[in-house]
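Residues per chain, in single letters:
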Amino acid sequence: MEKIKAFLKGIYTQIAGMHDSPHHVALGFGMGVFLGILPFTGVVAAVTLAVIFKFNRAAALLGSVITNTWLSVVTFFIAGKLGCLLLGYDWDSILNEAQEVISHFSWRSFLGIASLKVLLPLLLGYLIVGAVCGFVSYWVVLIILNRRKR
């Protein structure tokens, strides 16, 4: 529990020390969290989009690094089940097909119809989970920074 507290305190210290408006810092962090959760995106995409949209780059980098790899394992099941629920697919059959594609990997099978049936619910689920986490983290950071300012 102490390690978690120290980790969260470190994140707070880094965010609170950024010299930018609370809105830009929160936007950067929220976008970084969103892109960190999405598979095959992350740090480079977060910093690039932060530059394009003029969000805080350091906050985008921090948000994407925090969520990039370790949260993917947790969100895989949530995203998969959510995507299957929304598309009307059976989660167990999708999970079995995903394991089949992974265990007998070839680019031909990966790009085939079976993998599309696996990727579509996962992508939809990841987009929703990432958007929710990014939105929530935006508001949490904005609230914390505005309270700190007062």
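Just so we're clear, the structure is a prediction, and the values are computed from it rather than from any experiment.

### Examining the nonpolar core
Piece 1. In terms of nonpolar packing, the biggest core is built from 29 residues, with Phe29, Met31, Ile37, Tyr126 and Val141 touching the most fellow members.
Piece 2. Per-element tally for this core: the top contributor is helix α8 (residues 113-149), with eight residues.

### Considerations on the environment of Lys81
Piece 1. Counting through the fold element by element, Lys81 comes out in helix α5 (residues 70-87).
Piece 2. Look at Lys81 and you get partly exposed, because its relative accessible area is 48%.
Piece 3. Spatially, the C-alpha atoms of Lys81 and Trp91 are 5.9 Å apart, while their sequence positions differ by ten residues.

### A word on the environment of Asn146
Piece 1. Here Asn146 shows up in helix α8.
Piece 2. Taking relative accessible area as the criterion, Asn146 reaches 29% and is therefore assigned partly exposed.
Piece 3. Residues Asn146 and Ser21, spaced 125 residues apart in sequence, show a C-alpha to C-alpha distance of 9.5 Å.

### A few points about the side chain of Ser64
Piece 1. As for its placement among the helices and strands, Ser64 is situated in helix α4 (residues 57-67).
Piece 2. With sequence-adjacent residues up to four places away left out, Ser64 is seen in contact with Gly32, Val33, Gly36, Gly42, Val43 and Ala46.

### A look at the packing of helix α3 (residues 43-53) against α4
Piece 1. Here α3 crosses α4 at 155°, and the two axes come no closer than 8 Å. In terms of orientation, α3 and α4 fall into the roughly antiparallel class. Here α3 and α4 pass one another in a crossing that is right-handed. For the pair α3 and α4, the contacting residues are Val43, Ala46, Val47, Ala50 and Val51 in the first and Arg57, Ala60, Leu61, Ser64 and Val65 in the second.

### A short note on α5
Piece 1. In this model, α5 (18 residues) spans 26 Å end to end at C-alpha, consistent with the 26 Å of a helix rising 1.5 Å per residue.
Piece 2. Turning to α5, its buried residues are Leu71, Thr75, Ala79, Gly80, Gly83 and Cys84.
Piece 3. Positive backbone phi, approximately 75°, marks Gly88, located one or two places after α5.

### Side note on the confidence of the model for the protein
Piece 1. In the predicted model, the protein carries a mean pLDDT of 82, and the fraction of residues at 70 or more is 81%.
Piece 2. When pLDDT is averaged over each element of the protein, helix α2 (residues 22-37) comes out on top at 91 and helix α7 (residues 107-110) at the bottom at 66.

### Side note on the packing of aromatic side chains
Piece 1. Scanning the entire structure with this criterion turns up six aromatic pairs.
Piece 2. Their ring planes at 85° and their centres at 5.1 Å tell us that Phe76 and Phe77 sit as a pair that is edge-to-face.
Piece 3. Judged by its relative accessible area of 24%, Phe76 is partly exposed.
Piece 4. On the basis of relative accessibility, which here comes to 42%, the residue Phe77 falls in the partly exposed class.

### Focus on α4
Piece 1. Every buried residue of α4 is accounted for by Ala59, Ala60, Leu62, Gly63, Ser64, Ile66 and Thr67.
Piece 2. The backbone nitrogen of Ala58 has a side-chain oxygen 3.1 Å away, supplied by the residue at the start of α4, namely Asn56.

The rules behind each value
Residue positions are counted from 1 within each chain, in the order its sequence is given. Where local features are concerned, this predicted model is filtered to residues with pLDDT of at least 70; where side-chain atom pairs are given and counted, the filter is 80 or more; whole-chain, interface and lining totals use all residues. As a rule here, side-chain values cover all heavy atoms of the structure and leave hydrogens and water aside. Here, nonpolar core means buried Ala, Val, Leu, Ile, Met, Phe, Trp, Tyr and Cys residues that are tied together by side-chain atoms lying within 4.5 Å of each other. Under the scheme applied here, a residue whose accessible area is under 20% of the maximum for its type counts as buried, over 50% as exposed, and between as partly exposed, the area being computed with a 1.4 Å probe on protein chains only. Secondary structure elements are defined from DSSP: runs of H or I of at least 4 residues count as helices, runs of E of at least 2 residues count as strands, and each element is numbered from the N terminus. Any two residues having at least one pair of non-hydrogen atoms within 4.5 Å are treated as being in contact. Axis geometry follows a simple rule: fit a line to the C-alpha atoms, using only the stretch in contact for helices, then measure angles between N-to-C directions, giving values from 0 to 180 degrees. Note that the term roughly parallel is reserved for angles under 35 degrees, roughly antiparallel for angles over 145, roughly perpendicular for angles of 65 to 115, and oblique for everything else. Left-handed describes a crossing whose near helix is turned anticlockwise from the far helix by less than a right angle; the clockwise case is right-handed. By this rule, a helix spans an expected 1.5 Å times one less than how many residues it contains. The score called pLDDT rates the predictor's confidence residue by residue, from a low of 0 to a high of 100. For this analysis, a ring pair means two rings from Phe, Tyr or Trp (six-membered ring only for Trp) whose centres lie within 6.5 Å, classed as stacked if their planes differ by under 30 degrees, edge-to-face if by over 60, and tilted for the remaining angles. Any pair of nitrogen or oxygen atoms within 3.5 Å is treated as a polar contact; in protein, a donor-acceptor pairing is required on top of that, and neighbouring residues in sequence qualify only through side-chain atoms on both sides.

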